[in-house]
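Geometric and topological summary
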Amino acid sequence: MIERRKTRPVYVGNVQVGGGAPVVVQSMTDTKTHDVEETLSQINRLYQVGCELIRVAVPREEDALALPEIVKNSPIPVIGDIHFSPRIAFLSLESGIHGIRLNPGNINDEGKIREILQECERKGVAVRLGVNSGSLEERLLQKYGYPSAEALAESALHWSEFFEKTGFTNFKVSIKGSDVLQNVEANRIFASKTDIPLHIGITEAGPSGKGTVKSSVGIGILLYLGIGDTVRVSLTAPPEEEVKTAYDILSSLGLRRRGVEIVSCPTCGRIEVNLPEVVRRVEESLKDIKLPIKVAIMGCVVNAIGEAKEADIGLACGYKSAVLFKEGKPIRRVSEEEMVEELLREIKTMEEDAK
Ligand code: SF4
């Protein structure tokens, strides 16, 4: 069991981040925010796959002006991503938005930041204080020579203290670099000094294959250390993939469960059914299932009995057939032709029973 770091709670709309809440999964739309229809349609798709907080880019006035309609119709709290412009921040705060992400390093005006925080306090809006290796303050670059883990942590600690001195506490922090070890170390330093919740992720991780690996390693290490109250996997891929990957990471560490977890063997010379095809069909058929369920599909009896017993349901394959297991017990033998349908039929029953 992972012992999670004790953090104080922050509220983004009705979603609690930190303070013992489950790790919250979030993502970001890739639509033009002023295209309200497209943005809402993507938010709804993300909500269907389990996204709990959504961030939208607000680069221009037309995007800020679209926010009221988006906030009103979104099924999950909306966070505005603000860079450079205090004017856009104030305009966004008029929309009923639930949170904003601010990167003080690129606003660079303490007076304006203070005013934005006062407005957030008045409106009950949460803030994500973002520190990125690409926009570190000049004074820290001069002190450390480059955006090191220590420099990133120092920047985050400095701005957290600044926020708190203004009396504003409903904020979480993200410290992001695209280098995994630097990212882990910066978050670790910060986490050891405060109880402020952390939003974790590896920024600009890359396309789905390599980006998933990089994110899983970085986010996985932090979660294993008990660090992380909300997570975003950043991929150059449709955002639905980010959400699914986030759940896969969380479920592999026993922190959240959503949808199907397939345990299947790598196959070897003992195999006597077309296991890759069976796994492919089962995975495809169950991709939208919400019931947290562990399905074991094993090629032969070597590990099958043990794995099937650990899973909620499973197939232990043999010569052109399999034994169907449910809750650790064999329930019947099925032929290769019928095994996928039989397995799916049982899972459907489990879904009905869970309702
Ligand atoms: S479960 Fe059986 S078929 Fe699958 S890899 Fe192990 S020994 Fe091979």
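Above this text you will find the structure in question.
These remarks concern the structure in this document. (Residues numbered from 1 in each chain as written. Predicted model: local features only at pLDDT ≥ 70, side-chain atom pairs only at ≥ 80, totals over all residues. Heavy atoms only, no water.)

Considerations on a nonpolar patch on the surface
For clarity, the cut-off: Only residues above 30% relative accessible area that lack a salt bridge enter a patch, with like-charged residues linked at up to 9 Å and the nonpolar side chains Val, Leu, Ile, Met, Phe, Trp and Tyr linked at up to 5 Å. Surface accessibility in these figures is a Shrake-Rupley result with a 1.4 Å probe; residues are shielded only by whichever protein chains are displayed. Definition used for salt bridges: Asp or Glu carboxyl oxygen within 4 Å of a side-chain nitrogen of Lys or Arg. Runs of E in the DSSP output that reach at least two residues are strands. Runs of H or I that reach at least four are helices, and both are numbered from the N terminus. Under the scheme applied here, a residue whose accessible area is under 20% of the maximum for its type counts as buried, over 50% as exposed, and between as partly exposed, the area being computed with a 1.4 Å probe on protein chains only.
Together, Val 213, Val 217, Ile 221, Tyr 224 and Leu 225 make up a nonpolar patch on the protein surface, roughly 470 Å² of accessible area in all. Tracing the sequence through the fold places Ile 221 in helix H9 (residues 208–224). With a relative accessible area of 33%, Ile 221 lands in the partly exposed category.

So, the site of the ligand
Defined as follows: Distances are taken per atom, and a residue is near a molecule or strand as soon as one of its heavy atoms is within 4 Å of it. Throughout, the ten residues Ala, Val, Leu, Ile, Met, Phe, Trp, Tyr, Cys and Pro are labelled nonpolar, Asp, Glu, Lys and Arg are labelled charged, and all others, Gly among them, are labelled polar.
Residues in close proximity to the ligand include Cys 265, Pro 266, Thr 267, Cys 268, Arg 270, Gly 299, Cys 300 and Val 302, which together make up its full environment. Looking at the shell around the ligand, its residues break down into five nonpolar, two polar and one charged.

Topic: unusual backbone geometry
Where the residue is not glycine, phi is negative for most of them; where a peptide bond is considered, it is trans in most cases. With a phi close to 70 degrees, Phe 84 is a non-glycine residue in the positive phi region. Along the chain, Phe 84 turns up in the loop between strand S5 (78–82) and helix H3 (86–93). What makes Phe 84 exposed here is its relative accessible area of 61%. For Thr 267, which is not a glycine, the phi torsion comes out positive at approximately 75 degrees. Along the chain, the position of Thr 267 falls in the loop between strand S11 (260–264) and helix H11 (275–285).

Some thoughts on the pattern of salt bridges
Tallied over the entire structure, the rule returns 32 salt bridges. For Glu 342, the salt bridge identified is with Arg 345, shortest N-O distance 2.4 Å. Remark: Arg 345 and Glu 342 occur in helix H13 (residues 339–354); sequence separation between them is three residues, near one turn of the helix. Since its relative accessible area comes to 11%, Glu 342 is described here as buried. Through salt bridges that share partners, Lys 326, Arg 332, Glu 342, Arg 345 and Glu 346 make up one connected network.

Details of the layout of surface pockets
Keep this limit in mind: Cavity means a closed set of points on a 1 Å grid over the protein atoms alone, one where a 1.4 Å probe fits but cannot get out, pocket means an open set with protein on both sides within 12 Å along at least 5 of 7 lines, and lining means a residue has an atom within 4 Å of a point. Grid points are joined across faces, edges and corners, and a volume is the space filled by probe spheres set on the points.
Size it by volume and the largest pocket reaches roughly 610 Å³. Together, 24 residues line the largest pocket, and Lys 244, Asp 248, Arg 258, Val 260 and Lys 287 are the ones closest to its centre. Put simply, the parts of the chain that give the lining of the largest pocket at least two residues each are helix H10 (239–252), S11 and H11. The leading source of residues in the lining of the largest pocket is H10, at seven residues. Looking at side-chain class alone, the lining of the largest pocket contains eight nonpolar, five polar and eleven charged residues.

Quick look at the nonpolar core
So the rule is basically this: What is meant by a nonpolar core is a set of buried Ala, Val, Leu, Ile, Met, Phe, Trp, Tyr and Cys residues, joined one to another through side-chain atoms within 4.5 Å.
In this structure, Ile 100, Val 127, Phe 163 and Val 173 are the most contacted members of the largest nonpolar core, which totals 70 residues. Considering every element that reaches this core, the biggest residue donor is helix H7 (residues 149–165), with seven residues. Val 279, Leu 286, Val 323 and Val 340 belong to the second largest nonpolar core, which has 28 residues in total.

Notes on the sheet that holds strand S7 (residues 126–132)
Note on sheets: strands pair through backbone hydrogen bonds, and any given pair is parallel or antiparallel. Selection rule: Two strands form a pair only when DSSP identifies at least two bridges running between them. When checking whether two residues touch, look at their non-hydrogen atoms; a contact exists if any pair is within 4.5 Å. Where helices are involved, their axes are fitted lines through C-alpha atoms of the stretch in contact, as for all axes, and angles between N-to-C directions lie from 0 to 180°.
Strands sit in the order S3-S4-S5-S6-S7-S8-S9-S10 around a closed barrel of eight strands; the barrel is parallel. Sheet topology places strand S8 (residues 171–176) next to strand S9 (residues 198–200); two bridges connect them, and they run parallel. Residue pairing for S9: Ser 174 is matched across the bridge by His 199. Contacting S7 and S8, H7 crosses the sheet at an angle of about 155 degrees to S7. Running at roughly 150 degrees to S8, helix H8 (residues 180–191) makes contact with S8 and S9 of the sheet.

Section: the sheet that holds strand S12 (residues 293–298)
Taken in spatial order, the five strands make up an open sheet running S11-S12-S13-S14-S15, and their pairing is mixed. The open sheet terminates on both sides in strands that have one partner only, identified here as S11 and strand S15 (329–335). Taken over all neighbouring pairs, the strand axes of this sheet differ in orientation by 20 degrees on average, direction set aside. Looking at chain direction, S12 and strand S13 (residues 313–318) are connected through four bridges and run parallel. Of the residues in S13, the one forming a bridge with Met 298 is Ala 316. Its contacts with the sheet put H11 on S11, S12 and S13, and the angle it makes with S12 is roughly 165 degrees.

Comments concerning H10
Turn by turn, an α-helix covers 3.6 residues, leaving residues three or four places apart pointing in a common direction. Our working definition: By this rule the span expected of a helix is its residue count minus one, scaled by 1.5 Å.
In a regular helix each residue adds 1.5 Å, so 14 residues correspond to 20 Å; H10 covers 20 Å between its end C-alpha atoms and thus fits that length. Of all 14 residues in H10, ten are buried, a share of seventy percent or more. Restricting attention to buried positions, one finds in H10 the residues Pro 239, Glu 240, Glu 242, Val 243, Thr 245, Ala 246, Tyr 247, Ile 249, Leu 250 and Ser 251. On the buried face of H10, the contacting elements are strand S3 (24–28), helix H1 (36–48), H9, strand S10 (230–231) and S11.

With respect to the pairing of strand S14 (residues 321–326)
By the criterion of burial, S14 is predominantly enclosed, with six of the six residues buried. Side chains of S14 alternate between two faces, with Ser 321, Val 323 and Phe 325 and Ala 322, Leu 324 and Lys 326 buried alike. Relative to S14, S13 runs antiparallel, the two being bridged by six bridges. Each bridged residue has a counterpart across the sheet, and for Leu 315 the counterpart in S14 is Leu 324. The loop that links S13 with its antiparallel partner S14 comprises two residues; one of these, Lys 320, has a positive phi angle of about 50 degrees. In this structure, S14 lies alongside S15, joined through six bridges in antiparallel fashion. Within the sheet, the bridge partner assigned to Val 323 lies in S15 and is Arg 333. Between S14 and S15, which pair antiparallel one after the other, the connecting turn spans two residues, and Glu 327 there sits at a positive phi close to 45 degrees.

Any functional reading would require information beyond the geometric quantities listed.
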